[in-house]
Structure formats: C-alpha cells, structure tokens
Amino acid sequence: MLELAAIPLLALAADRLLGEPPARWHPVVWMGRYLGWAGARLAPRAGAPRVLSDRRVFWGAALTWCAAAAAVFALAWLLQRWLLAQPAWLALPALALGLKPQLAWALLRSEVQAVESALAVSLDAGRERLAWLVSRDVRALDAAAVRESTIESLAENLNDSVVAPLLWFALLGLPGAALYRFANTADAMWGYRGERGGRDWTWAGKWAARADDLLSWLPARITALLLALAALRWPRTLVREAARTPSPNGGWPMAAAALLLGVRLGKPGVYVLNAAGAVPRADDTRRAIVLAGRAAWLAGLACTAVLAAAGGWATA
C-alpha cells in the first residue's frame, strides 16, 4: 500500500492546522493519567519506612510498564488493522489523525515562543513560562540561562515529540509511534534519580528511564543529523560536545543546536555545551525555532521516503 508513505506529511500538516486534540480525547494524556495513578502506587514515599525491597519496587514498576506498553501497542495495532481494511480514502486520513497526537511540533514551537514573549515582559514571567517546558528549578536563572534552557528543551523535544515518533511509525506503524510516546511519557513521569513529588523514584523509575534511552538512541542521533541538514553544514565537534551531558541521547540534538546556532547552552552545575559560543539572545531563540521547524519537515520527508522505498509496511 504505497499510499501509506503520505501519512507522515499528512500528520505534520494536521499538527500545523489543527493543533492538539482536547485533553479528553488525547491518547498521550490518557497515558499520563494512567502513569500518574500507577506511579503513586509503585514509588515509595520519600523518607517513609520501606515496605518493599528495592528489587521488588524495581520489578513491580518494570512489570507494570511492560503490561501497559503491551496494551498500548495492541490497541494501536488493532486500530491500524481495522483502518487498513477500509477504503484508502478513509484509511489514510484516519491513520494520519491517529499519528497526529503522537506528534507535538506545533505545541512545542508555541511554548518556546511563549517563553521568549514572556521574557520580553519580565524575567519572572519568562521563568514562570519556562517552568511549563522543563523540570529543573528555574527560580535562580537569569535571562540568558532561561534562553539556554528554552533552546535545549526545543532541541531535545524535537526528538521526543517529532523525529522519534515518526521514525517508529515508519518502522512499525501506528503501534510503534504509540509505544514510543508511552515510553517517553513514562520516562518524563517516572524516570528520576531520587525524590520527586514526595516519592522516591530511584528504583521505581529505573526501567522506564532505560526503556526510553533504548528507544530514543537512534532517533536522537538522526535528530542531530536533520538539524545539520537543515542548517546545510555539519557541526564538526558534535560527538565530543554531545558526550558532555549525562543523558546518552539528549546531548545529541542539544549539542547540534548549540554548535549550529553558535551559542552556549548548559545546565548550571551539570554541563556546558559549546562553551565558546555566544550568550543566547532573543534572535537566537527565533533562529532555533526556524532551524527545528525545517528539521521537523525533513523528518517527515525522510519517513515518507522510507515508507515509499519499502512499499509500505510488509503487513499492510
């Protein structure tokens, strides 16, 4: 079914034109609600007497993750199988609309623009808006550090919210994209080292963090490549700079953005990328949005090419 190749671009177009679906119909919101409910029962309260050993906490969370991931994959597979049995005029737009909630480029771009707009009002407003994007403490950040965090979040989430779901869709169809978004959402909610939200995630979040690392490994490096293609030049020190971050994946798109934009990015006390780069200014945020937007559409074109070359999924 060669027409399947059009779905990635149709989904990106739907993302641009329609934005996010209402929360009550959003599958990623459903995933988040389940993960919040389950996490509150799996992660022990910080500082409270231990009832279960670390091993039992780890395996309880791991098995819960696997069961939910299997359910997500199976439901997406059943939906895709039913849609593929319908006429092409119905199946193609329906699959594109099914893929769309796994993508969030329009939302990401809007949130990054909102941080810059808030900074134009006041530093406190910029910090408050940045807190919507990142999990780090923003209270002590100056304007430059707010922009650094914003550009980093844009680059990292370009992978999480666009490139990786598209890649897994090209490889495994709608079930692949849905599975990835589940894994990424689980990592965002569970994958912490230590205490967060009054609970200890040291062992409860370890499986979720490692699963996301595995599924994001290739997409993160492809995201860096797409950013370089969008800029029409290769950042020569990319590999060295990417290795400066604790994350095995996040450093790739963030380092690519820092080098291609010629700016310094970093997390206070943890790492610095492109230390010789300029301090980010408002125009650099705008340039980052343009660069990431080009990379997002290149990702769509690349996935279209993969599907066209393969003649659609082998099981379609």
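Not measured: the values here are computed from a predicted model.

**Comments concerning the nonpolar core**
- Of all hydrophobic cores here, the largest spans 88 residues; its most connected members are Trp 65, Leu 99, Leu 158 and Trp 190.
- In this structure Leu 158 touches Trp 105, Leu 108, Val 163, Thr 223, Leu 227, Ala 292, Ala 295 and Ala 296, once residues within four positions along its chain are discounted.

**Some details on the packing of aromatic side chains**
- Overall, the coordinates contain 8 aromatic pairs when judged by the stated rule.
- Between Phe 58 and Trp 59, the ring centres sit 5.0 Å apart and the planes meet at 80°, which makes this aromatic pair edge-to-face.
- Residue Phe 58 is classed as buried on the basis of its relative accessible area, which comes to 16%.
- An aromatic cluster is present here, built from Phe 58, Trp 59, Trp 65, Phe 182, Trp 203 and Trp 207 joined pairwise through their rings.

**Some thoughts on the packing of helix H5 (residues 105–121) against helix H6 (residues 123–130)**
- The contact between H5 and H6 brings their axes to 6 Å, and the two run at 160°. Classed by the angle they form, the pair H5 and H6 counts as roughly antiparallel. Crossing handedness for the pair H5 and H6: right-handed. Facing Glu 111, Ala 114, Val 115, Ala 118, Leu 119 and Val 121 of H5, the residues of H6 in contact are Leu 123, Ala 125, Gly 126, Arg 129 and Leu 130.

**As for unusual backbone geometry**
- Positioned with a positive phi, Leu 232 is a non-glycine residue whose angle comes to about 60°.
- Tracing the backbone shows Leu 232 in the loop between helix H9 (206–231) and helix H10 (238–242).
- By relative accessible area, Leu 232 is classed as exposed at 77%.

The rules we used
- Residues numbered from 1 in each chain as written.
- Predicted model: local features only at pLDDT ≥ 70, side-chain atom pairs only at ≥ 80, totals over all residues.
- Heavy atoms only, no water.
- Core = buried A, V, L, I, M, F, W, Y, C linked by side-chain atoms within 4.5 Å.
- Buried < 20%, exposed > 50% of the residue type's maximum accessible area, 1.4 Å probe, protein only.
- Contact = heavy atoms within 4.5 Å.
- Phe/Tyr/Trp six-rings, centres within 6.5 Å; stacked < 30°, edge-to-face > 60°.
- Axes fitted to C-alpha atoms, helices over the stretch in contact; angles between N-to-C directions.
- Helix = DSSP H or I, 4+ residues; strand = E, 2+ residues; numbered from the N terminus.
- Parallel < 35°, antiparallel > 145°, perpendicular 65-115°, else oblique.
- Left-handed = near helix turned anticlockwise from the far one by under 90°.

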